[in-house]
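# Examination of the molecular architecture
Single-letter residue listing:
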Amino acid sequence: MELKSVWKGVVDETISKDNVDEFVVEKSIKKDSSSVLAKIKRVMYLKFSLGGLSWLISLVMLIGSFITPEQFTFYEAIFDLTDNRIFLATIIVFMSALLSWNFRAFREIKHFETKSVSIKESLNKLIDFIGRTIKLNVYSGAAFNSVALGWIFYLVNNKKGFVEGVLQITLMVLLVTTVGAVVFYFLSRFEQKVKFGNYLNQLKSNREDLNEK
Amino acid sequence: MDRKDLEKQFTKKVRHSQGIVHKVCRLYCQDDDHRKDLFQEIMVQLWRSFPTFRGESQFSSWMYRVALNVAIQDLRKAKKKQQFFFQTNQFKDTSEEKKSEVQDEKLKLMHSAIAKLSKVEKAIVMLHLDEKSNEEIAEIVGITQNYVRVKMNRIRTKLSKTVKKK
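Residues numbered from 1 in each chain as written. Chains lettered and ligands numbered in written order. Predicted model: local features only at pLDDT ≥ 70, side-chain atom pairs only at ≥ 80, totals over all residues.

## So, the environment of Leu-88 of chain A
Residue and element names in this part refer to chain A. Put simply, the rule is: Secondary structure elements are taken from DSSP: a helix is a run of H or I of four residues or more, a strand is a run of E of two residues or more, and numbering for both begins at the N terminus. The burial label depends on the number of other C-beta atoms within 10 Å of a residue's C-beta. Counts of 20 or more mean buried, 12 or fewer mean exposed, and intermediate counts mean partly exposed, with C-beta atoms placed from the backbone. What counts as a contact here is a pair of residues whose C-beta atoms, placed from the backbone, lie within 7 Å.
Relative to the elements of secondary structure, Leu-88 occurs in helix H4 (residues 81-114). What makes Leu-88 buried here is the crowd of 21 C-beta atoms within 10 Å. Residues Leu-88 and Ser-28, 60 residues apart in the sequence, show an inter-C-alpha distance of 46 Å. Ignoring sequence-local partners within four residues, the contact set of Leu-88 consists of Ser-58, Met-61 and Leu-62.

Written out as structure tokens, the structure is:
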């Protein structure tokens, strides 16, 4: 079979029937992208909004707790002023780290989307980028959830009084946070594998197809 | 250049070379919905990267690069029920009925053989069929010219094996 002659004679004729006018092209470029990267970007927008808002509220409350402490405490039965400040500072530190990592990743996506490179280079960059996104999600998820768990244990202990003494309470919180970090690490890893694993494998198999052998 | 002018320039250029996008869509998609979605996605990505197109390569090579990247990185899985993408009965004129039958047969054979190729192989074979030189294929795909030749030989063997089986 002469592939080229069939391709030229028939395929070109079929393709000509698909042609669209300038209006359709103009309409197409105004729509949203549905690529995996666009989806990651949409999640990032949500993280920026929610994270930014929590960061701002926490900062205002932390500053307020120094200026007018009586107005900036919450749930006084289990939260004293020092707890309150440490809690807010923890949120600020975590949110700052999370927002800065996300911002860097966001900038990389923007750069990736606007630069046209060869198929192999594009696959390499996308695989690398998704790999790093998975790591970021796993580590930030494990860190955030374990610290939150540590705080919950600390507050419940404050109310119920299971453990007493600063050293014992510190050890308990550290133990809960560490165990939580390990459990949440594996849970987040599983979640990311379900989310991106199949796609990443497809991309890797395409890249493998381009490696000289 | 403001956005409006850029948009005009883009639509004019893309409209002129849109066949590339349609070919990619037909090659990689197994149904009409998927084809429309991929066409839309390629257009969006072409528009996004258009401001960085410096004219160092041909406009068509740039379009191939963007369109093939989008198609290869597309997530959607193939549906079980496949349609025949390249239309048959192109030559409906009764005087050419026989020619039509032969063409249809060849087309079916070509389609089923190409459909069995991997995403990367489809890209290479499409560029080859579109008369791109090995140098251009190597530049678009990101492999050496020598490996383009090796790949094409392997693809030819694969295609002829599939055709012989039929």
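From this point on, the discussion continues.
## Overview of the domain arrangement of chain A
Where interface size is given, it is often the accessible area lost as the parts come together that is meant. Residue and element names in this part refer to chain A. Going by this rule: The split of the chain into domains comes from an automatic or database domain assignment.
Split by domain assignment, chain A resolves into domain 1 (33-115) and domain 2 (117-213). Centre-to-centre, using C-alpha coordinates, domain 1 lies 18 Å away from domain 2. Taken residue by residue, the interface counts 13 residues in domain 1 and 13 residues in domain 2. Going through the elements one at a time, helix H3 (36-67) and H4 are the ones with two or more residues in the side of domain 1 that touches domain 2. With eight residues, H4 is the single largest residue contributor to the side of domain 1 that touches domain 2.

## Some thoughts on the nonpolar core
Residues and elements named next belong to chain B. Basically, it comes down to this: Think of a nonpolar core as buried Ala, Val, Leu, Ile, Met, Phe, Trp, Tyr and Cys residues, each tied to the set through C-beta atoms within 7 Å.
If you look at the biggest cluster of nonpolar residues, it comprises 53 residues, and the most contacted ones within it are Val-24, Ile-42, Ala-67, Leu-68, Ala-123, Ile-124 and Val-141. If one sorts the elements of this core by residue count, helix H4 (residues 59-72) sits on top with nine residues. When sequence neighbours within four positions are dropped, the list of residues in contact with Ile-124 reads Ile-137, Val-141, Val-148, Lys-151, Met-152 and Ile-155.

## A short note on the confidence of the model for chain B
All names here are of chain B. Our working definition: Per-residue confidence from the predictor is given as pLDDT, running between 0 and 100.
Of all residues in chain B, 81% have pLDDT values of 70 or greater, and the mean over the chain is 82. Counting interchain partners and residues more than four positions distant, the pLDDT-below-50 stretch residues 80-85 has six contacts. In this model, residues 87-94 is a region of pLDDT below 50 whose contacts with residues beyond four sequence positions or in other chains number 15 contacts. Complex prediction metrics read pTM 0.82 and ipTM 0.82.

## Brief notes about the interface of chain B and chain A
In plain terms, the rule: Under the grouping applied here, Gly and all other residues not named as nonpolar or charged are polar, the nonpolar ones being Ala, Val, Leu, Ile, Met, Phe, Trp, Tyr, Cys and Pro and the charged ones Asp, Glu, Lys and Arg.
Contacts between the two partners involve 47 residues from chain B, matched on the other side by 39 residues from chain A. At the level of elements, helix H1 (3-16), helix H2 (19-28), helix H3 (32-49), H4, helix H5 (97-115), helix H6 (119-129), helix H7 (134-141) and helix H8 (145-165) of chain B are the ones that each hand at least two residues to the side of chain B that touches chain A. The element that contributes the greatest number of residues to the side of chain B that touches chain A is H3 of chain B, accounting for eight residues. When the residues that make up the side of chain B that touches chain A are grouped by side-chain class, the tally is 23 nonpolar, 14 polar and ten charged.

## What to know about helix H6 (residues 166-208) of chain A
Filter applied, for reference: Note that the bend at a residue is defined as the angle between axes fitted to the seven residues ending at it and the seven residues starting at it.
Along its length, H6 of chain A shows its largest kink, about 55 degrees, at Phe-196 of chain A. Of the residues making up H6 of chain A, those classed as buried are Gly-180, Phe-184, Ser-188, Leu-203 and Asn-206 of chain A. In this structure, the buried side of H6 of chain A is in contact with helix H5 (119-160) of chain A together with H4 and H6 of chain B.

## Remarks on the confidence of the model for chain A
A low pLDDT score tells you not to read the predicted coordinates there in detail. Overall, the predicted model of chain A reaches an average pLDDT of 88, with 96% of residues at or above 70. Ranking the elements of chain A by mean pLDDT puts helix H1 (residues 3-18) of chain A last, at 72, and H6 of chain A first, at 94.

## Here we look at the packing of H4 of chain B against H6 of chain B
Residues and elements named next belong to chain B. As a reminder, the rule being used: Convention adopted: a line fitted to C-alpha atoms gives each axis, helices being fitted over their contacting stretch, and angles between N-to-C directions are expressed from 0 to 180 degrees. Each angle gets one of four labels, with under 35 degrees taken as roughly parallel, over 145 as roughly antiparallel, 65 to 115 as roughly perpendicular, and the rest as oblique. In a left-handed crossing the near helix is turned counterclockwise from the far helix by less than a right angle, and in a right-handed crossing that turn is clockwise.
One can describe the packing of H4 onto H6 by two numbers: an axis separation of 10 Å at closest approach and a directional angle of 155 degrees. With respect to each other, H4 and H6 are oriented roughly antiparallel. Classified by chirality, the crossing of H6 by H4 is right-handed. Across from Tyr-64, Leu-68 and Ile-72 in H4, the residues of H6 making contact are Lys-119, Val-120, Ala-123 and Leu-127. Here the residues of the contact of H4 with H6 are counted per class, giving six nonpolar, no polar and one charged.

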